[in-house]
Structure formats: structure tokens, C-alpha cells
Amino acid sequence: MTKYGSFPGTRPRRLRTTPVMRRMVAETRLHPADFILPAFVREGVSEPVPISSMPGVVQHTRDSLKKAAVEALEAGVSGIMLFGVPEDAKKDAVGTPGTDPDGILQVALRDVRAEVGDELLVMSDLCLDETTDHGHCGVLDDQGRVDNDATLERYAEMAQVQADAGAHVVGPSGMMDGQIGVIRDALDQIGREDVAVLAYTVKYASAFYGPFREAVGSSLRGDRKTYQQDPANARESLRELALDLEEGADMVMVKPAGPYLDILARVADASDVPVVAYQISGEYSMIEAAAEKGWIDRERAIQESLTGIKRAGAQNILTYWATEVARNLR
């Protein structure tokens, strides 16, 4: 090959020559503290129940949940987000188990907090979908529509009960208008200014939630398109962000993560509080299923997907691989 002077004068490949060179110049790094582990606890079971659509994930018993929390702590994970799965017979139209001090989520919060104290952030899903017999995230009116303001009253009660049970952080995920302000006020009214609010600021009506519905034993009839966001829209995410920040959100979330990296980047650029992303059940299950078929390298795909989420602007990531990845990073 004829060489023309010093062509090519710029050789970016010099910074890719060896593993240690690539590691040194990496712009994005994963750390165990980046991760939050979502975990399901089911009422009335004596052993963990495998979730068929989420290989490797289970509905925990109270005892196995405590063990999972300790394992996450020992791996260096920052938090555990709890989702309660009550017995079907206890579900009703207003989600009574969600505000019952002896409801499964509140019991689990007390269990885990007693086990890990303040060494691991104990976080709670603040939503009614797991506890209502219709499966929606709120109270229905007489025409079967989700009543925003009646739902806010239930969220206020849930926030107080979850705080009393030991939650360090509450995560309202229902996408009701005004939910952050109402919850912040409800917590402050009982002197729980110390409990943080992680706002599900951006939550799309996604097809990727499918396996999660099995995980929480969802009773959903219909869909959630009247309150979760339309996947076609981007600008409204920044409007939701402005509202949540004004109402007092301590952290904000984008959910799902992978299909909405553009939204995550925009939110991260505009936010002055920590930004969290949720790598949801469908994202998890697709990688696990493809890896099981031998179509992709499982560990590399997990690492790449999480790196992409962090590169887009997430400070913290909810992922079902939290403990596994954190261990591998140490």
C-alpha cells in the first residue's frame, strides 16, 4: 500500500489496543452502588415461587426476601425495591392491602428493615395495581375509569403506612397527576421529612411489562393508556419532569430504560436531582431467553445493556441482575 505522508494522521485505534488501555480510557463505568434490586414478596407461600417468564427471578417468601436483601447488601448494591403480592382473596376495588399495616408489603418492609437497618436503602413500590381486584393503579369511578383525585387520597395513605413500616424511599409508580405533591405533603404531615420520594416521572404504556404482570399476579382488565405515557411522545416527558420537581421529587425515574434511552438522556440533561432508570421485566426476559437459545453471549449482553443505560444518563439503575452484576464488578 502506498503511504501518503503520515496518513492517517489520527489513529483512534491506539486507544483500543489492549484491555488495560480500553479500561483506562472508558468514559462510562458501572459500579455496584449504581444498582437497585427489584424484588417480589408473595403472601401465603412457604417457599420461593419461580416466575416462568423471568428465568432466575422468584416471588419470595418473607424469609427468602430477607436473604436476598442481605446478599444485595454484601454485593454492594445500594437499594432494594419491594413489590408485594397479596392473596387474591384480599384484593378489592380500592386496594385495601396497600394500606393495611399487616398487608404483605408493609410486613416485608418491616422484615427487611429489621434485617439490614440503614446499610441498604429499603424502597417500596407505592401503587395500587398489585392490590386491586381490577388491576388498575387507582380507584375506579362509576364508569370504570381511573379517578385521579380519589386515587391520590389512597396514595397519601399508602405513603404514610409504608413510611411507618420502615421505607427509606417510596416510589409512586401510578402516573397520577399531582401524586408527588400529595405524597410529599402526606409524609411531612406525620413528621417523615426524612423519607425520600423517587418519582416515576416518565413511565410509558409499554409492551415490555408483560413478565412483570405475572410477577405481581396482576388482575388487570383493559390497559393503562389513559395514565401511562404514549410511546410516541417525547416532549411530555420534560413536562412531567418539571411538575415532579416542582412538587418535591427527590429523585426521578425513566421506565422502561432500554427502549427509551433518548428520553433518559433528555431527562438527565434537564434534571437537577438524581436520575434513575428501570430496566424492566421484558428487557430482562428477552436477554435471558436469547442467551438460553445460544443466540447471544449472556454476560456481555447484560453488561452492554446496563452500560448503555448509564451512558444515556442514569445515575442508578433498577435491574433484576443487580446482585449478580454487582458481585462481578467487585
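Anyway, here's the lowdown on the structure attached to this text. If you're wondering where the values come from, they're calculated on a predicted model, not measured in any experiment.

### A look at the overall build of the protein
- Scanning the protein for helices and strands turns up 11 helices and 10 strands.
- Over its C-alpha trace the protein gives a radius of gyration of 21 Å, about what one expects of a compact globule, namely 20 Å for 330 residues.
- For the protein, the spread of C-alpha atoms along the principal axes amounts to about 80 × 45 × 40 Å.
- When each of the 330 residues of the protein is scored for burial, the buried share is 50%.
- Pairs at least 24 residues apart make up 74% of the contacts formed inside the protein by residues separated by at least 6 positions.

### Looking at the pairing of strand β8 (residues 251-255)
- Burial runs high along β8: five of the five residues are buried.
- Here β8 shows a buried face lined by Met251, Met253 and Lys255 and a second buried face lined by Val252 and Val254.
- Inspection of the sheet shows strand β7 (residues 196-203) paired to β8 by four bridges, in the parallel sense. Bridge pairing in β8 links Leu198 to Met251.
- For β8 and strand β9 (residues 275-278), the ladder comprises three bridges, and the chain directions are parallel. For Met253, the partnering residue across the bridge sits in β9 and is Val276.
- Taken together, β8, helix α8 (residues 261-270) and β9 constitute a β-α-β crossover, and its handedness is right-handed.

### A look at the nonpolar core
- Membership of the largest hydrophobic core comes to 91 residues, with the highest contact counts inside it found for Phe35, Phe40, Ile80, Leu82, Tyr155 and Tyr278.
- Apart from the residues within four sequence positions on either side, Tyr155 is in contact with Leu126, Cys127, Leu128, Cys137, Gly174, Met176, Gln179 and Ile183.

### So, the side chain of Asp34
- Among the secondary structure elements, Asp34 is positioned in the loop between α1 (19-24) and β1 (35-42).
- One polar contact links Asp34 to Lys310, side chain to side chain, over a distance of 2.9 Å.
- Leaving out residues up to four positions away in the same chain, Asp34 has contacts with Arg29, Lys310, Gln315, Asn316 and Ile317.

### Observations regarding the packing of helix α9 (residues 281-292) against helix α10 (residues 298-311)
- At their nearest, the axes of α9 and α10 sit 9 Å apart, and the two run at 160 degrees to each other. With respect to α10, the axis of α9 lies roughly antiparallel. For the crossing formed where α9 meets α10, the hand is right-handed. Contact with α9, carried on its side by Ile287, Glu288 and Ala291, involves Arg298, Ala301, Ile302 and Ser305 of α10 and no other residues of that element.
- Within the contact of α9 with α10, the residues separate by chemical class into four nonpolar, one polar and two charged.

### A few points about the pattern of salt bridges
- Per the counting criterion, the structure on display carries 16 salt bridges.
- Two residues, Lys90 and Glu43, come together in a salt bridge whose shortest N-O distance is 2.6 Å. Taken together, the residues span a long stretch of sequence, with Lys90 in the loop between β4 (79-85) and α3 (104-116) and Glu43 in the loop between β1 and β2 (49-50) at a distance of 47 residues.
- Among the charged side chains, a network of salt bridges with common partners joins Glu288, Arg298, Glu299 and Glu324.

Definitions and cut-offs
Residues numbered from 1 in each chain as written. Predicted model: local features only at pLDDT ≥ 70, side-chain atom pairs only at ≥ 80, totals over all residues. Heavy atoms only, no water. Helix = DSSP H or I, 4+ residues; strand = E, 2+ residues; numbered from the N terminus. Rg over C-alpha atoms; globule rule 2.2 N^0.38 Å. Buried < 20%, exposed > 50% of the residue type's maximum accessible area, 1.4 Å probe, protein only. Contact = heavy atoms within 4.5 Å. Pairing = 2+ DSSP bridges. Right-handed = clockwise from strand over helix to strand, strands pointing away. Core = buried A, V, L, I, M, F, W, Y, C linked by side-chain atoms within 4.5 Å. Polar contact = N/O pair within 3.5 Å; in protein donor to acceptor, adjacent residues only side chain to side chain. Axes fitted to C-alpha atoms, helices over the stretch in contact; angles between N-to-C directions. Parallel < 35°, antiparallel > 145°, perpendicular 65-115°, else oblique. Left-handed = near helix turned anticlockwise from the far one by under 90°. Nonpolar A, V, L, I, M, F, W, Y, C, P; charged D, E, K, R; others polar. Salt bridge = Lys/Arg side-chain N within 4 Å of Asp/Glu carboxyl O.

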